[in-house]
Amino acid sequence: MPMNLRDVALLFCLTCPSALAAPHIRVSTQATPRELFAEAQLQQAIAGLPGDEQILLATRPDPLLKPYDQQIPAFSPDAKEAFLLRRLTGAQASTIIVAGCDPSGVLYGALELADRIRVTHALPATLDYQDHPQLKLRGTALGLQRPEITYDGAEYDYRYTPEEFPWFYDKAAWTKYLDTLVAERINTLYLWNGHPFTSLLKLPKYPEAQELPTAQLEQNIAMFRWLTGEADKRGIWVLQGFYNIHLSHAFAKAHGVPMHLSAPTPLASEYTRYCISEFIREYPNVGIFMTLGEAMGPHYGPEWLTKTIIPGVKDGIAGQAQSLGHPVPEPPIVVRAHATDIYDVMAQATPLYSNIDTMFKWNGESLTWTNVRGPVKDEFQKLVAASNIEIANIHLLSNLEPFRWGDPEFIRQTESNFVRIGIQGLHLYPLRYWDWPYAADNTTPRLNQMDRDWIWYQAWARYAWNPERDPAQEHAYWVAQFADRFGTRDAAEHLLAAYELSGICAPKLLPRIGITEGNREVLSLGLTMPQLIDAARFNPAETLWTGDAPDGERLDEYVANEVKHKPHHGETPIAVAAEVAASSAKAVTEAEAAAPGITAASRPEYDRIVNDMRAIAALMAFYNHKTQAAALVMRFGYDHDPANLTKAEPLLAASVEDFGRLTQLTETSYRNAAGMQTSQRQIPVRGGPETNHWRDLFPVYQSELATFQARLKSLGSAQLTSADATPSRLPQVAFTLVPGAGEAFTVHPGEKLYSDAATPIATVAPELDGLTGIRVSARQEAPIHFTLANPAQILVGFFKSASSKAINVSPSTEQWNILLPGAITTAKGLPVTVWTKPLPAGANDLDLGKGAYVVVGFIPEDTHVTPHVNFSTTGTNGQPPNLDWLFEN
């Protein structure tokens, strides 16, 4: 009988044993999808290599590794994701073992071995290596949110549709993204949204909640099931975020309730619990993370988590276990320590659920320092003590966008400090959150952030795994990374230096002169002179310099110490402004020096890097000149010597020239500066598409200079004031107060400030005198409800008392903006400062928790108030007078 091809091949192999000489991989007979993915990755690496090695790939307790118990050690029970690589010796020298503490450990061990093979193009002749991550949770964040509010005027709520988020449906892009994450050993993916459940679930119990056409909903469910499955193979938990209490808009309309609730209701609790249970039941390897506050009053957090969310998760676990026929582990729950009573939350939740973690912002919504101190460090340490895992949230990066940023040593030191504090998790925002997946560069086609900002992701992930690496070796590693992308080693040295020199600038500068680390401020768009010389007017976030920066001075303290001949302490704004101007100029020199070694293929991105370095240098020069000018103006507030203003004028003019150069550099290279396009952005000017490019701000600074120059000409008059007449009363927006909490009153001297306390108003700013406000209890707990005739700014007066009996309410610096400092005084001398935030027309509520405040009134949304202060008088408490009028019309 003639032989078939298979018989021929078998005979050839038997007579030519060398034909079989190739490494081969064996995996457990019970291998998980994660281990099979690991096998596939390693198989790609060994393809074509000679040798007869067998590579055993399994978890440590697996029967596949039982024969080697004496050669390989056991892992400690808490060594999550740990792995061991070992090539046996002697008669077993052809055996290589990849052992993991768990399937993720197997995966990371296989990836480590594959990386080594790709570098040497051979299997290691000797191998004995163990490793495990320093941070237990290492995650990136993506927002299913947009730069502008688009859905029923509701903040944070967006439906998952191809029109809103086309990238969500791109499987090829997701595969590339997930492959990058697993290569960098990222194990969590956070997806942000206000109320995602009606975009991802059919809710048969509440058909009135459906917000999408059925075909679209089914596409979303299939897509999310695919995504979570692909992430699971790569060892990545998908954690879906949501805000509280947000409801399906369709559900809210059907039941005649608000879409966002400030307090729990039985209906909202039942609906939310069901949504969460269905989400956990429907999708494998998912968890949830949440913002308990903002919409909901902070004191309701413990009740909502323990009586709604955790029961919903447990319902989902039970449903999933019943479906699978075996128990399933508790999925992670992550609670943000934001706008809620987090310690009460954790104290009540942890006895009910073990796999619950907390998250807190590192450096607020910017990146300002490699460490924390004071109140911020205290908060992290308390959260570490109260949590299973405390996660540092690298949030929004408001002071870095839109330029390239990647200082590996800065990141390494930061994550090293995570470990020292006890932080065990990383939550990493993109550098351009609101525009994902695109960068702000004005290119066609648009640049993908994962490509443009590769070093951002790679450095955070590398040091989340292990920040305690040798700095010299790390320098060589990053030079090699740049060389792989751009050209010669010499060019790579220059580019790394440029990134490091520019990398210190925004982080060091913001705490010394900025207003906030929050998203209210866009550092790249500059600051006005009033924001520099009168920061208190703009509601500065004190932890910016007391917790998120090294010891140092702000401009007001620096000038006061100079005038009073007192010693300075720590960093000073003048020295830091000069330092970052010099460092950014050196970064330009380094970037330009790389030109001869750049490949043709990488030339377009190299040119963009150089332009970024020039733009950062122009921005830092702007701040250096303007900070010097501001210090001189502030000195004038003490000594009234016009020579200080004369010296300030050319410095301010130079800063305008710097900003003009920055405008030219960004005119065609960037679409805009900030990703967020809403009015939440306040510094340097109110946010919106029309105030989001340097060309939009350049006229502001030109006008500011012209106003200052005009004021200088008028300084001969000792009677010069910032206003020629007493300000008139502000216009009002009509409102209707819902009975039950609070009472309407006329804001006027002699009127009681609170409904239940003898605290009459002594004086009131003319702008507010006669407005109709709402007074509440000095120990108010219940929210107040009211209806506005038109969109408005609500004016609320807050005070702080040193009395231990007082219950003070403080406005959130990211939700409220200061309007009139010290606008109202009382007989007891308690200063009341009026703050504002916008509200839509229609039904609204105000829930500030327990404490004292007063609603002073409601004014039209577009009303602007500038403080009017006499130049010839001193400020309060012996401080210099307000000098903002020197720069404002």
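Described below are features of the structure shown in this document. (Residues numbered from 1 in each chain as written. Predicted model: local features only at pLDDT ≥ 70, side-chain atom pairs only at ≥ 80, totals over all residues. Heavy atoms only, no water.)

### Examining the overall build of the protein
Step number 1: When helices and strands are tallied, the protein shows 24 helices and 24 strands.
Step number 2: Along the first, second and third principal axes, the C-alpha set of the protein runs to 115 × 65 × 45 Å.
Step number 3: With 889 residues in all, the protein has 58% of them scored as buried.
Step number 4: In the protein, once contacts between residues fewer than 6 apart in sequence are set aside, the share between residues at least 24 apart is 75%.
Step number 5: Of the roughly 34,800 Å² of accessible surface on the protein, a fraction of 54% belongs to carbon and sulfur atoms.
Step number 6: Charged side chains of the protein number 72 positive and 97 negative; the gap between the two group centres comes to 2 Å. (Helix = DSSP H or I, 4+ residues; strand = E, 2+ residues; numbered from the N terminus. Buried < 20%, exposed > 50% of the residue type's maximum accessible area, 1.4 Å probe, protein only. Contact = heavy atoms within 4.5 Å. Areas by Shrake-Rupley, 256 points an atom, 1.4 Å probe, with all protein chains shown as cover. Lys, Arg positive; Asp, Glu negative; His and termini not counted. Charge placed at Lys NZ, Arg CZ, Asp CG, Glu CD.)

### As for the sheet that holds strand β23 (residues 842-846)
Step number 1: If you trace the three strands from one edge of the open sheet to the other, you get β14-β19-β23, paired in antiparallel fashion. Looking along the sheet, the strands with just one partner apiece sit at the ends: β14 (735-737) and β23. This sheet shows a mean twist of 30 degrees between the axes of neighbouring strands, independent of strand direction.
Step number 2: Pairing geometry for β14 and strand β19 (residues 784-788), over three bridges, is antiparallel. (Pairing = 2+ DSSP bridges. Axes fitted to C-alpha atoms, helices over the stretch in contact; angles between N-to-C directions.)

### Some remarks on the side chain of Glu 112
Step number 1: Inspection of the secondary structure puts Glu 112 in helix α3 (residues 103-120).
Step number 2: Under the relative-accessibility criterion, Glu 112 is labelled buried at 14%.
Step number 3: A distance of 2.9 Å separates polar atoms of two side chains, one belonging to Glu 112 and the other to Arg 116. (Polar contact = N/O pair within 3.5 Å; in protein donor to acceptor, adjacent residues only side chain to side chain.)

### Remarks on unusual backbone geometry
Step number 1: Looking along the chain, the bond that leaves Glu 401 and enters Pro 402 is cis, with omega of 5 degrees.
Step number 2: Note the cis peptide between Ile 683 and Pro 684, where omega equals 10 degrees.
Step number 3: The backbone phi angle of Leu 397 is positive, close to 60 degrees, even though this residue is not glycine.
Step number 4: Relative to the assigned elements, Leu 397 resides in the loop between β12 (390-394) and α12 (408-421).
Step number 5: Positive phi outside glycine occurs at His 565, with the angle close to 55 degrees.
Step number 6: Inspection of the secondary structure assignment puts His 565 in the loop between α20 (555-563) and α21 (573-593).
Step number 7: Under the relative-accessibility criterion, His 565 is labelled exposed at 73%.

### Thoughts on helix α14 (residues 454-465)
Step number 1: Taking 1.5 Å of rise per residue, 12 residues should cover 16 Å, and α14 covers 17 Å from first to last C-alpha, within 8% of that figure.
Step number 2: Taken across its 12 residues, α14 has 12 buried, putting it largely inside the fold. (Expected span 1.5 Å × (residues − 1).)

### With respect to the environment of Gln 680
Step number 1: You can see Gln 680 is positioned in the loop between α23 (642-666) and α24 (694-713).
Step number 2: As a C-alpha pair, Gln 680 and Lys 837 span 157 residues in sequence and 9.0 Å in three-dimensional space.

### Examining the nonpolar core
Step number 1: Grouped together as the largest cluster of nonpolar side chains are 197 residues, with contacts concentrated most on Phe 168 and Trp 456.
Step number 2: Broken down by element, this core gets its largest block of residues, 19 residues, from helix α22 (residues 603-639).
Step number 3: Those residues in contact with Phe 168, other than ones at most four positions away along the chain, are Leu 144, Tyr 160, Trp 174, Leu 200, Met 223, Phe 224 and Leu 227.
Step number 4: One finds Leu 49, Val 98, Tyr 108 and Leu 113 within the second-largest nonpolar core, a separate group that totals 25 residues. (Core = buried A, V, L, I, M, F, W, Y, C linked by side-chain atoms within 4.5 Å.)

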